[in-house]
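One letter stands for each residue in the lines below.
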Amino acid sequence: MSLKCGIVGLPNVGKSTLFNCVSSGKAQSANFPFCTIEPNLGSTNVPDKRLEVLADMCKPKSVVPATVDIVDIAGLVKGASKGEGLGNQFLANIRETDAILHVLRCFDDGNVVHVDGSVDPVRDKEVVDMELQIKDLETVESRLAKSMKQATTGGDKTARKLVDLLQRYKEALEQGKSCRTVEPANEEEAAMAKDLYLLTNKPVMYVCNVDDASAASGNEYVEAVREAVKDEDAEILVISAKTESEIAEMDSYEDRQMFLVEMGLQESGVVRLIQGAYHLLGLQTFFTAGADECRAWTIHKGDKAPKAAGVIHTDFEKGFIRAEVIKYEDYVALGSESAARAAGKLATEGKEYVVQDGDIMHFLFNV
């Protein structure tokens, strides 16, 4: 399952530095606008202590974690919707992602230029929001005109429903609100909304990039962002990209942990960012565990057992018979699959079983 989070923001807010800390890719990072032009793509493992525990118990030949793709997208500037800066190229790159990590500069540093001359993360957020909203409004108005024609002249019932949704989007956008503030009325509308690929309908996490001293506690810039987004369905993460780049250069686990303690942090911001991005995409994990391999598999929250089986192999989904499921806590407490089976903690589930985060599963199928 290949899902992407796009790192976006104004130039020189720390996007590429953060990307290099998070991913296996390497992006150019420099003190001038648009040092990133083409989007950089990297894949990163999703830290999960449960997989480490299972690996210690099973002693497998291989351990395979879940992954998420991260895309570092060039900085946006005011007027991008009209072609300023990298313009439509930037907007097209965002459209190809599944969720947005919006990096905001929340630190003072006279040696790092700001494209607008001063530090104001709320203003910066509004610049990006406005450009995305303008582009979405163009999309909505175009689709609305087409759908209204289909609904009135062709009597298309689906088009009528789409018109209603598009009109609500248009109203929100004209008020300076993002499309994700409009709640779909039902599953049919939710499917329609997904097919529109609107930029401001993507889930978003605001990543407040702070100075070293504010990495643990935040600062007044972060509080201003919290106030500005309090009515949005969005997450906030405080991180110091500079600190994270220093951690990434340390060779030993012990050195990294000691540094984190000195900074007043329980775990690195990169770990929190990756885990946050994973959940932002609406993802969760199930496991397969044995002597050959311990592996974390990625599915969407709410997926049923056959869908989860299909992540391993399409034949598993086509010929699905049943799933054997052990809860992670039971597996760890009892020490093995055989012990869980003997204790009656292995459940047999059918096609309607909704997979839970952390389930350890074995699929039976017939092709």
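Below or above, wherever it landed, is the structure these notes cover.

Thresholds, definitions, all that
- Residues numbered from 1 in each chain as written.
- Predicted model: local features only at pLDDT ≥ 70, side-chain atom pairs only at ≥ 80, totals over all residues.
- Heavy atoms only, no water.
- Helix = DSSP H or I, 4+ residues; strand = E, 2+ residues; numbered from the N terminus.
- Buried < 20%, exposed > 50% of the residue type's maximum accessible area, 1.4 Å probe, protein only.
- Contact = heavy atoms within 4.5 Å.
- Areas by Shrake-Rupley, 256 points an atom, 1.4 Å probe, with all protein chains shown as cover.
- Salt bridge = Lys/Arg side-chain N within 4 Å of Asp/Glu carboxyl O.
- Phe/Tyr/Trp six-rings, centres within 6.5 Å; stacked < 30°, edge-to-face > 60°.
- Pairing = 2+ DSSP bridges.
- Axes fitted to C-alpha atoms, helices over the stretch in contact; angles between N-to-C directions.
- Core = buried A, V, L, I, M, F, W, Y, C linked by side-chain atoms within 4.5 Å.

Comments concerning the overall build of the protein
Helix and strand counts for the protein come out as 14 helices and twelve strands. Residues classed as buried in the protein amount to 47% of the 367 residues present. Taking the intrachain contacts of the protein between residues at least 6 apart in sequence as the baseline, contacts between residues at least 24 apart amount to 69%. Accessible area for the protein stands at about 17800 Å²; split by element, carbon and sulfur atoms hold 49% of it.

Quick word on the pattern of salt bridges
The full count for this structure, using the stated rule, is 21 salt bridges. As a salt-bridge pair, Asp357 and Arg50 come within 3.0 Å of each other at their nearest N and O atoms. Of the two residues, Asp357 sits in the loop between strand E11 (346–349) and strand E12 (360–365) while Arg50 sits in helix H2 (residues 49–58), which places them 307 residues apart along the sequence. Since its relative accessible area comes to 37%, Asp357 is described here as partly exposed. What you see here is one network of salt bridges that share partners, running through Lys125, Asp129, Arg180 and Glu232.

Notes on the environment of Ala185
Considering the arrangement of structural elements, one finds Ala185 in the loop between helix H5 (157–174) and helix H6 (187–196). For Ala185, a relative accessible area of 59% corresponds to the exposed category. Sequence-wise, Ala185 and Leu165 are 20 residues apart; in three dimensions their C-alpha atoms are separated by 8.7 Å.

A word on the packing of aromatic side chains
The geometry of an aromatic ring pair comes down to the distance between the two centres and the angle between the two planes. Tallying each qualifying case throughout the model produces four aromatic pairs. These aromatic residues form a ring-pair network of at least three members: Phe286, Trp297, Phe320 and Phe363.

Considering the sheet that holds strand E6 (residues 204–209)
Strand order in this open sheet of six strands is E2-E4-E1-E5-E6-E7, and the pairing throughout is mixed. Edge positions in the sheet fall to strand E2 (40–45) and strand E7 (235–239), since each of these pairs with one other strand and no more. Across the sheet, the axes of successive neighbouring strands diverge by a mean angle of 25 degrees, strand direction being ignored. Sheet analysis places strand E1 (residues 4–8) next to strand E5 (residues 99–105), joined by four bridges and oriented parallel. In the strand pairing of E5, Gly6 is matched with Ile100. The strands that helix H7 (residues 220–228) touches are E5, E6 and E7; relative to E7, the one it contacts most, it runs at about 175 degrees.

Side note on the environment of Ala215
Mapped onto the fold, Ala215 is located in the loop between E6 and H7. Classification of Ala215 by relative accessible area gives buried; the value is 7%. Taking the C-alpha atoms as reference points, Ala215 and Ala241, separated by 26 residues in sequence, lie 9.2 Å from one another.

So, the nonpolar core
In terms of nonpolar packing, the biggest core is built from 63 residues, with Leu18, Ile70, Leu101, Cys106, Val207 and Leu273 touching the most fellow members. Not counting residues up to four positions away in its chain, the partners in contact with Ile70 are Cys5, Ile7, Phe19, Val22, Asn40, Leu41, Gly42, Thr44 and Leu101. Among the nonpolar cores identified, the runner-up in size contains 18 residues, and Val140, Val163, Leu173 and Val182 belong to it.

So, unusual backbone geometry
In the Ramachandran plot, Asn12 falls in the positive-phi region, its phi being about 65 degrees despite a non-glycine side chain. For Asn12, the position within the fold is in the loop between E1 and helix H1 (15–22). In this structure Asn12 comes out as buried when scored by relative accessible area, which is 14%. One non-glycine residue, Tyr197, adopts positive backbone phi at about 55 degrees. Mapped onto the fold, Tyr197 is located in the loop between H6 and E6.

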